[in-house]
Amino acid sequence: MKQRKRGRKRLGNKKRYHNVMLRFNDSEYAKLKVICESFNLDISKRGTISPLLRRLVLNQKADEKDRLPDTSNLAYQINKIGNNINQLVKLAHHKNLRNPNLGLQDEIQRTNGFLLKLVEIIGKEKTG
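The structure displayed is predicted, hence computed values, not measured ones. Just so you know, the residues in each chain are numbered from 1, in the order the chain's sequence is written. A pLDDT threshold of at least 70 governs which residues receive local features in this predicted model, and a stricter bar of 80 or more applies before side-chain atom pairs are shown or counted, although totals over entire chains, interfaces and linings include all residues. Hydrogens and waters are ignored; side-chain quantities use all the structure's heavy atoms.

Student: Hey, could you go over the packing of aromatic side chains for me, with residue numbers and the actual values?
Tutor: Centres within 6.5 Å are what make two rings of Phe, Tyr or Trp a pair, Trp counting through its six-membered ring; a difference in plane orientation under 30 degrees is then read as stacked, over 60 as edge-to-face, and the rest as tilted. Going through the model one piece at a time under the given rule, you end up with zero aromatic pairs. Over the ring of F39 we find R55, and its NZ or CZ is 5.7 Å from the ring centre. For a lysine, the NZ atom is tested; for an arginine, the CZ atom; a charge sits over a ring if that atom is within 6 Å of the ring centre and within 35 degrees of the ring normal.

Student: Run through the pattern of salt bridges, naming residues and quoting values.
Tutor: The term salt bridge refers to a pairing of a side-chain nitrogen on Lys or Arg with a carboxyl oxygen on Asp or Glu at a separation within 4 Å. With the rule as written, the count across this model stands at one salt bridge. A salt bridge links E107 to R110, with the shortest nitrogen-to-oxygen separation between them at 3.0 Å. With E107 and R110 both in helix 4 (residues 102–127), this residue pair falls three residues apart, about one helical turn. Three labels apply to residues, based on accessible area from a 1.4 Å probe with only protein chains included: buried if under 20% of the type maximum, exposed if over 50%, partly exposed otherwise in between. With relative accessibility at 40%, the residue E107 sits in the partly exposed group. Taking the relative accessible area as the measure of exposure, R110 reaches 48% and is therefore partly exposed. Secondary structure elements are taken from DSSP: a helix is a run of H or I of four residues or more, a strand is a run of E of two residues or more, and numbering for both begins at the N terminus.

Student: Quick one: what's the story with unusual backbone geometry, residue by residue and with numbers?
Tutor: At N40, a position not held by glycine, the phi torsion is positive, near 60°. Turning to its location among the elements, N40 is positioned in the loop between helix 1 (26–38) and helix 2 (49–58).

Student: So what about the confidence of the model for the protein? Which residues, and what values?
Tutor: On a scale of 0 to 100, pLDDT captures the predictor's confidence in every residue. For the protein, per-residue confidence averages 80 on the pLDDT scale, and 84% of positions sit at 70 or higher. When mean pLDDT is compared element by element in the protein, helix 1 scores highest at 89, while helix 4 scores lowest at 82.

Student: Help me get a handle on a nonpolar patch on the surface, residues and values and all.
Tutor: On the surface, V20, L22, F24 and Y29 cluster together to form a nonpolar patch covering roughly 420 Å² of accessible area. Residue classification places F24 among the partly exposed positions, given a relative accessible area of 38%. Here a patch means residues that are over 30% exposed by relative accessible area and free of salt bridges, tied together within 9 Å if like-charged and within 5 Å if nonpolar (Val, Leu, Ile, Met, Phe, Trp, Tyr). Every accessible area reported is derived by Shrake-Rupley at a probe size of 1.4 Å, with residue values counting cover from the shown protein chains alone.

In structure tokens form, the structure reads like this:
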């Protein structure tokens, strides 16, 4: 008597080892539901979405214009700009801490000079 094969058929070299998990918000899930209904699939049943998404993704050709631009250089340049801004702010704070009231001190010296001249003028009038 020949033994009957049971269970899932062997996948061999077609076995899938890599997992990709997707999460959808409400509007995306509604769009997915419409796509599943167009294929007469019940989205609530287990094992229906994976084959559909696999078929939709793997059977499409990606055009050059559909590819996302390489943003690694852009991110690098933005990072460098941020670094330069941080250095400038640090330098400004350092100079401000070293002499925070430079403009105010100049005004005080000029005012003291005017007061000294005023005292001299008043002193001359009293003695004069």
